Amino acid sequence: MAGIKIHGSTISTAAQRVFACLYEKDIDFELVPVDMRAGEHKSEAFIAKNPFGQVPAFEQGDLYLFESRAITQYIAEQYADKGTALTCPSKTEPMLLVWKEVEAHQFDPVASKLNWEIVIKPIFGMTTDPGPIEELETKLVKVLDVYEARLSKSKFLACDCFTLADMHHLPNINLLMGTQLKKHIDSRPHVSAWVANITARPAWVKVLALQNKQ
Amino acid sequence: MVVKVYGPAYGSTKRVLVCLVEKGIDFETVPVDLIKGEHKQPDYLALQPFGAVPVIQDGDCTLYESRAIIRYYAEKYKDQGTDLLGKTIEERGLVEQWVEVEAHNYHPPIYTLTLQILFASKMGFTADENLIKESEGKLGKVMDLYEERLSKSKYLAGDFFSPADLSNLPFTQRLVSEMGKEYMIRQRKHVSAWWDDISTRPSWLKVKDLL
């Protein structure tokens, strides 16, 4: 099988999802940097790989994929027998499907907007807009309450194993934990324990180390 | 055992119903009135803690998130009814890619249009004309990308009908019928042909008017 190339940036949360997956699976890959500050993700060359002009893009021989959660799903299936399973023991475990969607539709929209305002904008010299933050924070708290209830009954979100559903949260949780919003995680014992557990995984530590290499 | 599906009147639920019909799986529907706030009642939250539709009950199994439910039935009943997931892992990768595109790029603006144009007065707020204009602009850009894709591929993921196409049905139907924006589809030759194909599938015709 041809080598894997990931076109993206080490600080992109979506790209980090894919790096985490590759490290969990112990699969070699080549990182092809995309300079987003220079608008490279809107260049013709990149658009040919992802017509939506978003990172990451996955390349393996003739196969091109985009959308981080489609890429991780493909990797998990193609390399099912390598590294961490990232799926539940029962192959058609429905809870894995549910909690992957929950991350994508309940957690991510709120967490990524908060991270954008509080963490990313200042890095690029833009001003945080306090307007949406209060409402977003209220929504985050409601989502974390549901997570707290779930994690009091299940070691990880989908089942008792670490899966894609947990892994997909890592990039945004990593950023949230560097803000005042971490208090909402710290004050929920099961969520707090789950965050401590998943952020300590060696594969995730490697993803963070990528940022230092560039 | 018959699958119980809550909230059949709503777009997200109709995605699931189309899938069940394609797979030849029997179901019964349970109406949920979002305007009356039935989705925020304790009985409903016990099934779907985020208070959204749909949720399904299949024996002991309770599932929510429409695209999760679709993937579950498409996999579990792979050998029954329409094969929705492709023949190889690579084809499945493309299905997932285009489902993600619908979920993250197509759905947000079309959902905003649905709420603003069709539900504002029912839900007691004033429609935001700027937001409507902005959302139509965003949706148009995604449709341009669909147009490009469909000029090279019969369906979004490849030469087979999949959840990537299916997921677009309910809200796009509202766009062309109730929201009066059929021109967005007709202005784009390949999107137009694709729309005529998928919107006349027996499975869609069976569920589109369910309440």
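As the structure is a computational prediction, the values presented were derived from the model and not from experiment. (Residues numbered from 1 in each chain as written. Chains lettered and ligands numbered in written order. Predicted model: local features only at pLDDT ≥ 70, side-chain atom pairs only at ≥ 80, totals over all residues. Heavy atoms only, no water.)

**Q** Give me the lowdown on the sheet that holds strand 4 (residues 63-66) of chain A, citing residues and values where you can.
**A** All names here are of chain A. If you walk across this open sheet you meet the four strands as 2-1-3-4, and the pairing is mixed. Two strands close off the open sheet at either side, each with one partner strand: strand 2 (29-33) and strand 4. The sheet shows a mean angle of 20° between the axes of neighbouring strands, taken without regard to direction. Strands in contact with helix 3 (residues 68-78) are strand 3 (57-60) and strand 4; relative to strand 4, the strand with the most contacts, it is inclined by about 130°. (Pairing = 2+ DSSP bridges. Helix = DSSP H or I, 4+ residues; strand = E, 2+ residues; numbered from the N terminus. Axes fitted to C-alpha atoms, helices over the stretch in contact; angles between N-to-C directions. Contact = heavy atoms within 4.5 Å.)

**Q** Hey, could you go over the UniProt feature "domain: GST C-terminal" (unreviewed entry) in chain B for me, with residue numbers and the actual values?
**A** Mapped onto this numbering, the UniProt entry annotates "domain: GST C-terminal" (unreviewed entry) at residues 88-211 of chain B. Here residues 88-211 of chain B is 73% helix and 0% strand, with 37 Å between the C-alpha atoms at its ends. (UniProt positions renumbered as here; feature names shortened; annotations may be inferred.)

**Q** Hey, could you go over the packing of aromatic side chains for me, with residue numbers and the actual values?
**A** Scanning all chains against the criterion turns up 20 aromatic pairs over all chains. A ring pair is formed by B:Tyr6 and B:Tyr44, whose centres lie 6.2 Å apart and whose planes are at 70°; its orientation type is edge-to-face. Here the residue B:Tyr6 occupies a position in strand 1 (residues 3-6), and B:Tyr44 occupies one in helix 2 (residues 42-45), the gap between them amounting to 38 residues. What makes B:Tyr6 buried here is its relative accessible area of 11%. Using a relative accessible area of 5% as the deciding quantity, one classes B:Tyr44 as buried. In this structure an aromatic cluster arises from ring pairing among A:Phe52, A:Phe66, B:Trp98, B:Tyr106, B:Tyr146 and B:Trp194. (Phe/Tyr/Trp six-rings, centres within 6.5 Å; stacked < 30°, edge-to-face > 60°. Buried < 20%, exposed > 50% of the residue type's maximum accessible area, 1.4 Å probe, protein only.)

**Q** Account for unusual backbone geometry, with residues named and values stated.
**A** Each neighbour pair has its own omega, and for A:Val55 with A:Pro56 the value is 0°, a cis peptide bond. Within the element layout of this structure, A:Pro56 appears in the loop between helix 2 (44-47) and strand 3. The residue after B:Val53, namely B:Pro54, is reached through a cis peptide bond having omega 0°. Positionally, B:Pro54 belongs in the loop between helix 2 and strand 3 (55-58). Unlike most non-glycine residues, A:Asp26 shows phi in positive territory, near 55°. Counting through the fold element by element, A:Asp26 comes out in the loop between helix 1 (13-24) and strand 2. A positive phi angle is found at A:Leu86, which is not glycine, with a value near 65°. Checked against the element boundaries, A:Leu86 lands in the loop between helix 3 and helix 4 (94-123).

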